[in-house]
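Descriptive structure summary
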Amino acid sequence: MIGCALLFWFRKFTVGRDQDGTTVGAWGPNEVQYMLRTIASSVAFGLAILVAGDSSARAQTADQAWLHEPSHLFLFGKVIALGSSPIEQSAVQELSRSISHPASVKGGASLPRSWRESTLTVIGTTEEVHEAYPDFPAPSLAPGEYWIWWNGSAEHSVSVIAGGDERGALYGVFALRRLPVSGESFPLTNLQNLHEVPLREHPAMPIRWVDQWDNADGSIERGYAGRSIFFEGGKVRGDLKPVSEYARLLASVGINGCNVNNVNNAVQFLDPEMIRGLAKIADAMRPWGVRLAMSVDVASPQKIGGLATYDPLDPAVKAWWNAKVNDIYALIPDFAGFTVKADSEGQPGPASYGRTPADAANTLAAALAPHGGVVLYRAFVYNHHLDWNDPKADRARAAYDIFHPLDGKFAPNVIIQTKEGPIDFQVREPVSPLFGGLTQTSQAMEVQITQEYTGQQRHLVYLAPLWKQALDFDMRVAGRSTPVKEIVSGTSFHRNLGGMVGVSGVGRDAWLGSPLAMANLYAFGRVAWNPNLAPEEIAREWTRQTIGANEEVVRTVVKMLMQSWPAYEDYTGPLGLQTLTDIAGSHYGPGIEGSENNGWGQWHRADHEGVGMDRSVATGTGFAGQYPLAVAKKYESAATTPDNLLLFFHHVPYTYKLHDGKTVIQYLYDSHYAGAAQAAGFVRDWETLKGKIDTALYDNVLPRLEYQAGHAIVWRDAVVQYFLKLSRIPDEQGRAGHYPGRLEAEDARLDGYQIVDVKPWEDASRGKAVSCDLKQPMQREKQPSCSAEWTYEGPAGRFDIAVQYFDLQGGVAKVALTVNGQAAGMDATWVADAMLPTRRLHGDNSTRHIVEGVALKPGDTIRIEGTPDGSDPAALDYIELIPAASNRH
Ligand code: GCV
């Protein structure tokens with residue numbers, strides 16, 4: 001495919017020459033031969049090198065993500081900017097980066113001097129192009145839009161990269177960079193005749209922002225990739241190189257705004273010293289067209305302004321905001337605006353004064369409007385002290401109940417930012433009905449790139465398909481076609497603002513920590529630019545640029561990415577149950593009881609007879625009625641609700657039959673087994689890439705996938721045993737509650753280990769584990785470790801022994817597996833040094849280590865020795881003997 005693209009690109013030049021009957025630029029037969037040689041060698045050698053991932057621990061740069069050098073841009077010769085803006089300079093720099101060594105193009109061939117001298121690429125706004133080349137047919141373009149055109153003649157050739165504004169020109173350069181590896185997303189006919197059919201594209205929506213939830217102390221709320229690239233110790237960091245590299249990465253996929261601080265704990269960001277620091281961040285991002293925005297605490301006038309009130313309608317409060325905003329713009333003239341979380345999860349808000357979100361938003365908007373700033377007011381407003389015993393209580397209703405009555409009351413520069421679902425970034429939710437409930441208000445859809453509820457970057461979960469189903473959802477407002485993507489882009493209701501916001505959570509650990517998680521950051525930008533792109537196509541683009549262009553590599557990685565969200569849904573919360581995790585805790589491992597009976601309103605209402613939350617109008621909370629008529633009707637009845645949302649909308653008996661006739665309980669069992677098997681399959685898929693991709697990348701990702709496969713089993717077993725106990729309905733396939741080859745730790749001969757109850761019980765096999773809690777130093781000295789022993793009683797054979805243990809923070813425990821006193825294999829001794837959430841035994845930190853190919857015969861003694869360290873008690877759940885041939889990873 002890449003070869004094809006390059007050849008078409010090449011053909012463009014030759015076609016141009018033939019049509020003209022002349023030679024393009026200084027191209028003669030030798031040059032043509034040179035080009036063929038170069039292209040062939042680029043394809044054969046260059047691309048393989050260029051697109052290989054490099055995840056080694058160098059300075060954090062955008063090149064380590066998907067911005068590897070493309071191989072074809074030497075075709076652009078000398079590059080100049082027509083204007084002097086820093087964004088155009090970045091565009092020149094970006095293109096030149098790839099063509100700065102044309103004499104040593106990969107493959108060893110050299111580019112003729114004459115070609116270099118007679119080939120020009122100009123970058124500028126359409127106005128600048130008109131002025132410099134009045135004869136060129138540059139069209140008028142919208143902000144962010146680009147137009148790429150080529151004009152060749154015997155004397156010289158000029159490529160034009162024009163933008164509706166400087167950003168547009170920059171996006172044009174990045175589109176070119178993507179071109180050779182973007183496959184079907186750019187029709188090849190465009191390449192064949194760039195003169196006749198220029199490349200032209202505009203962003204679908206004006207707001208394309210990422211939100212960081214970074215705190216001034218350098219921590220990141222819901223961040224899973226180390227500390228902040230922006231802040232440390234209460235201040236803006238001195239080294240802002242990662243910030244400009246981040247902005248480069250964002251710009252490359254069309255993101256134009258970055259809100260840098262947490263919506264919680266925002267008050268100190270309005271401090272004058274901090275604003276000076278923020279101005280430096282803005283300076284670092286500006287050359288890439290990424291504008292700085294910040295979260296504000298609406299109580300700031302009182303908390304730091306010395307006023308007695310923060311009532312948004314109080315004149316002194318309004319004056320305070322006006323002055324503060326003026327201070328910000330004095331230092332950051334292109335400041336993008338404020339993001340607001342108010343009256344939510346403990347954040348102060350206008351409700352304290354009996355005011356509405358519109359009152360608060362409009363006060364801020366009035367201060368920002370003269371400078372061109374906007375307010376992103378979050379619809380994530382709800383009561384987190386809901387009464388679980390009240391069958392009508394429903395957190396899902398909150399956003400619509402609060403914001404729909406305010407439609408039309410917001411200032412023009414206010415955008416209501418709504419999470420894609422009515423709850424909170426769950427593995428599956430219906431689309432928020434609020435998108436259909438605000439027709440006179442600009443809207444933005446908020447999604448999470450950081451995987452708070454979807455595996456926290458330890459699990460591979462490619463989220464673009466989740467976002468896409470929300471964007472494609474047809475809300476049927478007033479009975480007409482109103483897909484959510486058209487609502488948020490402003491087209492459905494003729495709003496001139498609107499867009500998408502991705503909570504990104506990048507940190508100093510390789511941006512998102514896990515290399516494959518970067519597909520989500522890439523995909524967010526691409527989806528916000530064009531919500532019609534297919535997630536699979538985006539995955540292909542990303543894989544080619546990041547991992548490898550080899551078709552087999554692309555096919556394998558894309559398959560894994562595309563299967564990952566459904567797999568995660570299958571083993572964490574299918575049928576619309578949402579992520580069955582501990583809502584009041586880390587939001588990571590299984591916590592089925594924790595996602596019930598809490599004040600936060602994330603409930604599944606499972607009892608002995610049935611499961612699911614009745615949100616119908618007729619008998620439930622009425623949430624279904626918040627949708628426009630056609631959609632409300634569909635969700636009102638269990639029979640017409642899609643299976644994957646059934647339990648979100650309805651409480652049904654376990655024996656209720658899904659559309660294919662399978663019962664709900666059997667589906668719960670089956671999907672958890674299928675999902676866990678799929679996770680194991682990712683390991684095998686990745687293993688096929690050995691030797692075909694960068695070794696460091698391969699080695700980095702493999703243990704992550706192995707961990708995921710083990711943790712998927714923790715999930716599977718927790719959910720399955722929970723519902724087995726509750727429903728008392730056996731699994732038709734006999735798997736639930738039966739674990740062949742499993743030897744429980746509590747059944748072993750224990751020396752030093754104590755049997756403990758794990759909470760919640762479902763997170764451990766049979767609810768129990770053993771813990772080597774040697775608290776006293778004296779005791780530890782006398783007995784530094786504990787052991788569990790079993791006598792093997794099965795037939796002789798070779799087994800992979802899975803050891804399921806708890807790896808707690810606060811110490812690096814050691815674990816050793818022996819058979820008859822001998823180490824059971826090469827990797828039979830290991831340390832528990834993973835950084836898993838929380839410090840008490842449960843599903844967050846239950847993990848497995850597999851010792852492969854252990855020979856066992858009847859009477860053998862299998863022994864685990866655990867040596868605690870610090871507060872890690874080397875706790876053990878069970879071991880499982882898996883016949884070696886049947887263990888597929
Ligand atoms: C920034 C969820 C997260 C919180 C987050 C909140 C929000 O509740 O768990 O960490 O707070 O959403 O979006 O405001």
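Heads up: the structure comes first, above all this text.
The structure displayed is predicted, hence computed values, not measured ones. (Residues numbered from 1 in each chain as written. Predicted model: local features only at pLDDT ≥ 70, side-chain atom pairs only at ≥ 80, totals over all residues. Heavy atoms only, no water.)

Turning to the layout of surface pockets, a few remarks are in order. Summary: where empty space remains is shown by rolling a probe the size of a single water molecule over the atoms. The volume enclosed by the largest pocket comes to roughly 950 Å³. Looking at the largest pocket, it is lined by 32 residues, and the ones nearest its centre are Pro703, Arg704, Tyr707, Ala834 and Thr847. When contributions to the lining of the largest pocket are tallied by element, the ones reaching two or more residues are α23 (695–727), β26 (829–832) and β27 (846–856). The element contributing the most residues to the lining of the largest pocket is β27, with five residues. Classifying every residue of the lining of the largest pocket gives 13 nonpolar, nine polar and ten charged. (1 Å grid on protein atoms, 1.4 Å probe; cavity = no way out; pocket = protein on both sides within 12 Å on 5 of 7 lines; lining within 4 Å. Points joined across faces, edges and corners; volume = space filled by probe spheres on them. Helix = DSSP H or I, 4+ residues; strand = E, 2+ residues; numbered from the N terminus. Nonpolar A, V, L, I, M, F, W, Y, C, P; charged D, E, K, R; others polar.)

Attention now moves to the site of the ligand. In the neighbourhood of the ligand, 14 residues make up the surrounding shell, with Glu221, Lys341, Arg378, Lys419 and Glu452 lying closest. Lys419 places a side-chain nitrogen or oxygen 2.6 Å from an oxygen atom of the ligand. Considered on its own, the ligand offers 330 Å² of accessible surface; in the complex 97% of this is hidden by protein. Of the residues contributing to the shell around the ligand, the split by class is three nonpolar, three polar and eight charged. (Near = heavy atom within 4 Å. Polar contact = N/O pair within 3.5 Å; in protein donor to acceptor, adjacent residues only side chain to side chain. Areas by Shrake-Rupley, 256 points an atom, 1.4 Å probe, with all protein chains shown as cover.)

Attention now moves to the state of the cysteines. Counted by the stated rule, this structure contains one disulfide. Note on cysteine connectivity: Cys772 is disulfide-linked to Cys786, with sulfurs 1.9 Å apart. Measuring handedness by torsion sign, the sulfur bridge of Cys772 and Cys786 sits at about 70° and is right-handed. With Cys772 in the loop between β21 (768–771) and α24 (777–782) and Cys786 in strand β22 (residues 786–791), this residue pair connects regions lying 14 residues apart in the sequence. The same class applies to Cys772 and to Cys786, which are both buried. (Disulfide = S-S within 2.5 Å. Buried < 20%, exposed > 50% of the residue type's maximum accessible area, 1.4 Å probe, protein only.)

Here we come to the packing of helix α6 (residues 166–178) against helix α8 (residues 241–252). Viewed as axis vectors pointing N to C, α6 and α8 meet at an angle of 75°, and their least axial separation amounts to 9 Å. Taken together, the axis directions place α6 and α8 in an arrangement best described as roughly perpendicular. Contacts between α6 and α8 involve Leu170, Tyr171, Phe174, Arg177 and Arg178 on the former and, on the latter, Arg248, Ala251 and Ser252. Looking at the contact of α6 with α8, its residues break down into four nonpolar, one polar and three charged. (Axes fitted to C-alpha atoms, helices over the stretch in contact; angles between N-to-C directions. Parallel < 35°, antiparallel > 145°, perpendicular 65-115°, else oblique. Contact = heavy atoms within 4.5 Å.)

Here we take up unusual backbone geometry. The amide bond that connects Lys759 to the next residue, Pro760, takes the cis arrangement and shows omega of 0°. In this structure, Pro760 sits in the loop between β20 (754–757) and β21. Even without glycine at this site, Arg476 takes up a positive phi of about 55°. With respect to the element layout, Arg476 can be found in the loop between α15 (464–472) and α16 (484–488). You can call Arg476 partly exposed: its relative accessible area is 29%.

Our next topic: the pattern of salt bridges. Within this structure, the stated rule accounts for 43 salt bridges. Salt-bridge contacts for Lys485 lead to Asp472; the nearest nitrogen and oxygen are separated by 2.7 Å. Of this pair, Lys485 sits in helix α16 while Asp472 sits in helix α15, placing them 13 residues apart in sequence. Relative accessible area serves as the criterion here: at 13%, Lys485 is assigned to the buried category. Here Asp717 ties to Arg716 by a salt bridge, and the two come within 2.8 Å at their closest N and O atoms. A residue is classified by how much of its surface remains accessible, and Asp717, at 7% relative accessible area, is buried. Beyond isolated ion pairs, a larger network of salt bridges with shared partners links Asp63, Glu94, Arg97, Arg177, Glu245 and Arg248. (Salt bridge = Lys/Arg side-chain N within 4 Å of Asp/Glu carboxyl O.)

Read these as spatial facts, not as claims about activity.
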